[in-house]
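These are the residues of each chain, in order.
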Amino acid sequence: GIAVAEGGTIPSAARAPTARPLRFTDLGSGDGTAVLAAAAASSPGWTSTGIELNSTLFLVSALRRMFSPSEVRRRSRFVWGDMWKADLREEDAVMIFGVKPLMPMVAEKVGRECAGGTYVMSYRFRVPLLGEEEEEEEEGEKRNRLRDDAS
């Protein structure tokens, strides 16, 4: 299933050490705060990518990355581009700040491209995934999981 966390936190399960490197992408990464925080909190081999269409915000995030510690620079990158064209098939965690009218389109993209087990985090508005069921709260995180039988 796909787990959804609201409030801009990285779910504890996504922070846990794993046998393989994980990939985090922030769609519409703004000034890069979430990408740099994910890179700083991640395990070796993990990567954090921010995709931003606004050239000013892209440059701000690139400059912030340039002045970050070397580990954060190695684990992060920023792409100047359109989030709707991003391929999410290989991502383990996807974040979106989003605005309410876009959330159904984000849900459609995530549902179409993300594999089971992908974490989907929304900073402000809920991502309305089809076939989801509410799970327990853990460390203050509200999560919904896409049922395995959902289509």
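All figures in this text were calculated on a predicted structure; none of them were measured in a lab.

Trainee: Explanation requested: the overall build of the protein chain in the structure shown.
Mentor: Summing up its helical and strand segments, the protein chain has five helices and eight strands in all. Its helices and strands taken in sequence order, the protein chain reads β-α-β-α-β-α-α-β-β-α-β-β-β from the N to the C terminus. Here the protein chain, with 151 residues, has 42% of them falling under the buried criterion. Taking the intrachain contacts of the protein chain between residues at least 6 apart in sequence as the baseline, contacts between residues at least 24 apart amount to 71%. By element, 56% of the accessible surface of the protein chain is carried by carbon and sulfur atoms, the whole surface being about 8200 Å².

Trainee: Which parts of the structure should I look at to understand the packing of aromatic side chains?
Mentor: Each aromatic ring pair is described using two quantities: the centre-to-centre distance and the angle formed by the ring planes. Taken as a whole and judged by the stated rule, the model has one aromatic pair. Judged by centre distance (6.2 Å) and plane angle (20°), the rings of F58 and W80 are stacked. One end of the pair, F58, is in helix α3 (residues 55-66); the other, W80, is in strand β4 (residues 76-80), and 22 residues separate them in sequence. Take F58: its relative accessible area is 17%, and that puts it in the buried class.

Trainee: Hey, could you run me through the pattern of salt bridges in this one?
Mentor: Pairs may arise between side chains of opposite charge once their charged atoms sit close together. Tallied over the full model, the rule gives eight salt bridges. Across the pair R64 and D31 runs a salt bridge whose closest N-O atoms are separated by 3.4 Å. On the criterion of sequence distance, the pair formed by R64 in helix α3 and D31 in the loop between β2 (23-27) and α2 (33-41) is long-range, its members being 33 residues apart. Note on D31: relative accessible area 33%, which makes it partly exposed. One salt bridge in this structure joins R75 and E71, with 2.8 Å as the shortest N-O distance. Taken as a pair, R75 and E71 lie in helix α4 (residues 70-75) at a separation of four residues, close to a single helical turn.

Trainee: When you look at the environment of M103 in this model, what are you seeing that I'm missing?
Mentor: Examined against the element boundaries, M103 turns out to sit in helix α5 (residues 103-113). On the basis of relative accessibility, which here comes to 2%, the residue M103 falls in the buried class. Separated by 24 residues in the primary sequence, M103 and V127 place their C-alpha atoms 5.5 Å from one another.

Trainee: What is the right way to look at the confidence of the model for the protein chain in this model?
Mentor: Residue-level pLDDT values for the protein chain average 78, and 69% of them are 70 or greater. Note on residues 1-9: pLDDT under 50 across the span, and 43 contacts to partners over four residues away in sequence or across chains. For the stretch residues 139-151, pLDDT sits under 50, and the model shows 49 contacts to residues farther than four places along the chain or on other chains.

Trainee: What is the right way to look at the side chain of E113 in this model?
Mentor: Considering the arrangement of structural elements, one finds E113 in helix α5. Among the polar contacts made by the side chain of E113, one reaches the side chain of K109 at a distance of 2.8 Å. In contact with E113, not counting residues within four places along its chain, are A86, D87, L88 and R89.

Trainee: Sorry if this is basic, but what is going on with the nonpolar core here?
Mentor: Nonpolar side chains tend toward joint burial in soluble globular proteins. Counting 14 residues, the largest nonpolar core has L27, L88, I96, V106 and V127 as the members making the most contacts within it. Elements represented by at least two residues in this core include exactly β5 (93-96) and α5. Beyond its immediate stretch of four places on either side in the chain, L27 contacts I51, M83, A86, L88, V94, M95, I96 and F97. Listed in part, the twelve residues of the second largest apolar core include L36, A93, M95 and M121.

Trainee: Would you mind showing me how to read α5 here?
Mentor: Structurally, the α-helix is built with 3.6 residues per turn, so residues lying three or four positions apart point the same way. All buried positions along α5 are accounted for by M103, V106, A107, K109, V110 and E113. Down the axis of α5, the smallest arc covering the buried residues is 165°, so these residues share one side. Seen from the buried face of α5, the exposed residues on the opposite side, beyond 90 degrees, are E108 and R112.

Rules used in this analysis
- Residues numbered from 1 in each chain as written.
- Predicted model: local features only at pLDDT ≥ 70, side-chain atom pairs only at ≥ 80, totals over all residues.
- Heavy atoms only, no water.
- Helix = DSSP H or I, 4+ residues; strand = E, 2+ residues; numbered from the N terminus.
- Buried < 20%, exposed > 50% of the residue type's maximum accessible area, 1.4 Å probe, protein only.
- Contact = heavy atoms within 4.5 Å.
- Areas by Shrake-Rupley, 256 points an atom, 1.4 Å probe, with all protein chains shown as cover.
- Phe/Tyr/Trp six-rings, centres within 6.5 Å; stacked < 30°, edge-to-face > 60°.
- Salt bridge = Lys/Arg side-chain N within 4 Å of Asp/Glu carboxyl O.
- pLDDT = per-residue confidence, 0-100.
- Polar contact = N/O pair within 3.5 Å; in protein donor to acceptor, adjacent residues only side chain to side chain.
- Core = buried A, V, L, I, M, F, W, Y, C linked by side-chain atoms within 4.5 Å.
- Arc of directions from axis to C-beta.

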